[in-house]
Amino acid sequence: MGAAVVATIAATAAWGSPLPPAKACPLFPADNVWNRRVDTLLVRSGSSATVAAIGGTKTMHADFGAGLWNGGPIGIPITVVGKAQRKSRVTFEYAGESDKGPYPIPPDVRIEGGPSSRGDRHALIVDRDACRLYELYNLRRRGARWTAGSGAIWNLRSNKLRPAGWTSADAAGLPILPGLARYDEVARGRIDHALRFTVSRTRRAYEWPARHHASSLTDPALPAMGARVRLKRDFDISGFPRQSRVILRALKEYGMIVADNGSDWYVSGAPDQRWSNDDLHSLGSVPGSAFEVVDTSSLRS
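Residues numbered from 1 in each chain as written. Predicted model: local features only at pLDDT ≥ 70, side-chain atom pairs only at ≥ 80, totals over all residues. Heavy atoms only, no water.

J.: Break down the overall build of the chain for me, with residues and values.
T.: Counting its regular elements, the chain contains four helices and 15 strands. Each principal axis of the C-alpha distribution contributes one length, and for the chain these read about 50 × 40 × 40 Å. Out of the 301 residues belonging to the chain, those deemed buried represent 57%. If you take every contact in the chain between residues at least 6 apart in sequence, the share linking residues at least 24 apart comes to 71%. A total accessible area of about 12600 Å² is found for the chain, and carbon and sulfur atoms account for 49% of it. If you average the places of the 40 positive and of the 28 negative side-chain charges in the chain, the two averages end up 5 Å apart. (Helix = DSSP H or I, 4+ residues; strand = E, 2+ residues; numbered from the N terminus. Buried < 20%, exposed > 50% of the residue type's maximum accessible area, 1.4 Å probe, protein only. Contact = heavy atoms within 4.5 Å. Areas by Shrake-Rupley, 256 points an atom, 1.4 Å probe, with all protein chains shown as cover. Lys, Arg positive; Asp, Glu negative; His and termini not counted. Charge placed at Lys NZ, Arg CZ, Asp CG, Glu CD.)

Listed below in structure tokens is the structure:
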């Protein structure tokens, strides 16, 4: 991702197998929207109203970390498979907006929140040989078959978006994996891509690169799916511990994208036993008012 395209990217040792070297299988091309810097873009008209609508006094939260919460990993885990993995058909609730597959789901596939989770149950699967990303929402095993709410398949060498109006494993119709904070990136000192975050209320609209909305609300101050925000340049991050400081620097340079409905200002990442939860908790002192919405229209050219 950005400079990370030439680096080796690894998922968590505890909850996922290593991802392939980025030269062999990048997490989308270097010019993909997730990998484009936004620190020089103009502030979008209506930014202050949108930040206030999300919650200017509410604070950031790292929705990932080390250890377990309610019996499952904290964050969205990644499963890596190879060409030998048998593929299965999946029955989808939203079949009309899901890629039919089949999907290479191993019996021990890692699910967000753990096998017994009652949450979103996202499953992210990377086929390291085919350079494909398979993402599923609400994945469940029912007897001998798999079911899910929705599913999407991505070519990691392509910038192709989903059809207009289609969801993915995320409400915005975007891939999840490229927006996760991963420990290996923070360990090397840089995150070279935007992050994924959630807000509790979105507008009945989506904007590029999002392809889908998930709201009936029409308040123009509310963010659309796909809206991108960045941490203000003058927000002082020097006093934050190292892991949080790396994340905050990325939010100044690459920002974060509204990808789903959920808790306000919750930033996504992959679980890893090496995260410092105390370090990440310091992000809770960053208020929503420290962010601004950016105009990303120039990134489409």
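Read on, since the account is not over.
J.: So what's going on with the pairing of strand 6 (residues 123-127)? Residues and values would help.
T.: For a regular strand, side chains alternate in direction, first toward one face of the sheet and then toward the other. Where burial is concerned, most of strand 6 is hidden: five out of the five residues are buried. Bridge count between strand 4 (residues 78-81) and strand 6: four bridges; the pairing is parallel. Of the residues in strand 6, the one forming a bridge with I78 is L124. Pairing of strand 6 with strand 7 (residues 132-137), which is carried by five bridges, proceeds in the antiparallel orientation. Bridge pairing in strand 7 links L124 to E135. (Pairing = 2+ DSSP bridges.)

J.: Residue-level account of the pattern of salt bridges, with values.
T.: Going through the model one piece at a time under the given rule, you end up with 14 salt bridges. Among the ionic pairs, R190 bridges to E253, the shortest N-O distance being 2.7 Å. With R190 in the loop between helix 2 (183-188) and strand 11 (195-199) and E253 in helix 3 (residues 242-253), this residue pair connects regions lying 63 residues apart in the sequence. (Salt bridge = Lys/Arg side-chain N within 4 Å of Asp/Glu carboxyl O.)

J.: I'd like a description of the side chain of H122, backed by residues and values.
T.: Looking at the secondary structure, you find H122 in the loop between strand 5 (90-92) and strand 6. There is a polar contact of 2.7 Å between the side chain of H122 and the side chain of E112. Reaching out from H122, the side chain makes a polar contact with the backbone oxygen of A169 at a distance of 2.9 Å. If near-sequence neighbours (up to four positions away) are discounted, H122 is found in contact with I76, R110, I111, E112, L136, Y137, N138, A169, D170, I176, R196 and D260. (Polar contact = N/O pair within 3.5 Å; in protein donor to acceptor, adjacent residues only side chain to side chain.)

J.: Before we move on, could you go through the state of the cysteines and cite the residues and values that matter?
T.: As enumerated under the stated definition, the model contains one disulfide in all. Disulfide pairing places C25 opposite C131 at an S-S distance of 2.3 Å. The disulfide joining C25 to C131 has a torsion of about 115° about its S-S bond and is therefore right-handed. One end of the pair, C25, is in the segment before helix 1 (47-54); the other, C131, is in the loop between strand 6 and strand 7, with 106 residues separating them in the sequence. C131 shares its class with C25; the two are buried. (Disulfide = S-S within 2.5 Å.)

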